[in-house]
Amino acid sequence: VTACVVGPGSLPTVFAHVFPAFDEAAQFSDEPRAAFLCTFFVAFLVADCAVGALHYPSQFHVFEGWIHHAAYTLFFAWGLAQHASVGFASTLAMEIPTALLALGKCFPACRLDLPYGMSFAAFRVGLNLYLLAQWYAAGLFLWPCAVATLALHSHWFYRWCKSYGRRGAKDEAPSNPL
């Protein structure tokens, strides 16, 4: 549900302040929609940690669960405290692939492996790379966060490509290893 709200919900912010024209000044400003999306995302991260610990601890890994969620919670909470929701909400478009993945998990007949992979490449790698370049060029201190996120997303995308290629060679529907 969260990815279906924050991913598409962040697109107006991305198109207004990030792409195709990067608005450096807007990165540290607030907008009601952006603040709502960031707050909603932080609430989800905290709730997911609690639910994960109680109901699916074997699937809630240390790095990809606890550390990842804690870092994002602190990152977004700090952005909200600084009244910089626009810059932070622009990263939420990276949740669009998660929405496609969740659709396939909830409704197996709706599983879309190739569109998932393409959206992952576009948003979690492409948008991340674009934000990194823009933040670095503008001298905004957010760029190290983009480096860390890009490293994680590139690793996940590499794993997905290996799985897709391996299963595609066998003429089977590839799974999503994420």
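Above this note sits the structure.
The structure presented is a predicted model; accordingly, all values stated were derived computationally and were not measured. (Residues numbered from 1 in each chain as written. Predicted model: local features only at pLDDT ≥ 70, side-chain atom pairs only at ≥ 80, totals over all residues. Heavy atoms only, no water.)

*Asks:* Please set out the packing of helix 5 (residues 96-106) against helix 6 (residues 113-137) residue by residue, giving values where relevant.
*Replies:* At a minimum axis separation of 8 Å, helix 5 and helix 6 run at an interaxial angle of 160 degrees. With respect to helix 6, the axis of helix 5 lies roughly antiparallel. As helix 5 runs across helix 6, the sense of the crossing is left-handed. Between helix 5 and helix 6, the contacting residues are Ile96, Pro97, Thr98, Leu100 and Leu101 on the first element and Pro115, Tyr116, Ser119, Phe120, Phe123 and Arg124 on the second. Looking at the contact of helix 5 with helix 6 residue by residue, the class counts come to 8 nonpolar, 2 polar and 1 charged. (Axes fitted to C-alpha atoms, helices over the stretch in contact; angles between N-to-C directions. Helix = DSSP H or I, 4+ residues; strand = E, 2+ residues; numbered from the N terminus. Parallel < 35°, antiparallel > 145°, perpendicular 65-115°, else oblique. Left-handed = near helix turned anticlockwise from the far one by under 90°. Contact = heavy atoms within 4.5 Å. Nonpolar A, V, L, I, M, F, W, Y, C, P; charged D, E, K, R; others polar.)

*Asks:* Summarise the packing of aromatic side chains; cite the residues concerned and give the values.
*Replies:* Inspection of the entire model under this criterion finds 18 aromatic pairs. Between the aromatic rings of Phe157 and Trp160, the centroid separation amounts to 6.0 Å while the plane-to-plane angle is 15 degrees, which identifies the pairing as stacked. Taken together, the residues span about one helical turn, with Phe157 and Trp160 both in helix 7 (residues 143-169) at a distance of 3 residues. On the basis of relative accessibility, which here comes to 5%, the residue Trp160 falls in the buried class. Ring pairing ties together the aromatic residues Phe28, Phe41, Phe44, Tyr72, Phe75, Phe76, Trp78, Phe88 and Phe141, which thus form one cluster. (Phe/Tyr/Trp six-rings, centres within 6.5 Å; stacked < 30°, edge-to-face > 60°. Buried < 20%, exposed > 50% of the residue type's maximum accessible area, 1.4 Å probe, protein only.)

*Asks:* Report on helix 6, specifying residues and quantitative values.
*Replies:* For helix 6, which comprises 25 residues, the first-to-last C-alpha distance of 34 Å matches the rise-based estimate of 36 Å (1.5 Å per residue) to within 8%. Where helix 6 bends most, at Gly126, the angle is about 30 degrees. What helix 6 keeps buried is the set Asp113, Tyr116, Gly117, Ser119, Phe120, Arg124, Val125, Leu127, Asn128, Leu131, Leu132 and Trp135. Count one or two residues on from helix 6 and you reach Gly139, which has phi positive near 75 degrees. (Expected span 1.5 Å × (residues − 1). Bend = angle between axes of the 7 residues up to and from the residue.)

*Asks:* Provide a residue-level description of unusual backbone geometry, including the pertinent values.
*Replies:* The residue after Phe19, namely Pro20, is reached through a cis peptide bond having omega 10 degrees. As for its position among the elements, Pro20 is in the loop between helix 1 (2-17) and helix 2 (32-55). Although it is not a glycine, His83 sits at a positive phi angle of roughly 55 degrees. Here His83 lies in the loop between helix 3 (62-81) and helix 4 (85-89).

*Asks:* Can you break down the pattern of salt bridges residue by residue, with the values?
*Replies:* Overall, the coordinates contain 3 salt bridges when judged by the stated rule. For Arg124, the salt bridge is made with Glu95, and the minimal N-O distance between the two is 3.1 Å. Of the two residues, Arg124 is situated in helix 6 and Glu95 in the loop between helix 4 and helix 5; the sequence distance between them amounts to 29 residues. (Salt bridge = Lys/Arg side-chain N within 4 Å of Asp/Glu carboxyl O.)

*Asks:* Mind laying out the side chain of Ser90, listing which residues take part and the relevant values?
*Replies:* Within the element layout of this structure, Ser90 appears in the loop between helix 4 and helix 5. Taking relative accessible area as the criterion, Ser90 reaches 0% and is therefore assigned buried. The residues contacting Ser90, other than those within four sequence positions of it, are Thr13, Val14, Val18, Gln27, Leu127, Leu131 and Trp135.

*Asks:* Residue-level account of the environment of Leu11, with values.
*Replies:* Within the secondary structure, Leu11 is located in helix 1. Along the primary structure Leu11 and Ser90 are separated by 79 residues, whereas in three dimensions their C-alpha atoms are 7.4 Å apart. Contact partners of Leu11, with chain neighbours within four places excluded, come to Ala93, Ile96 and Phe123.

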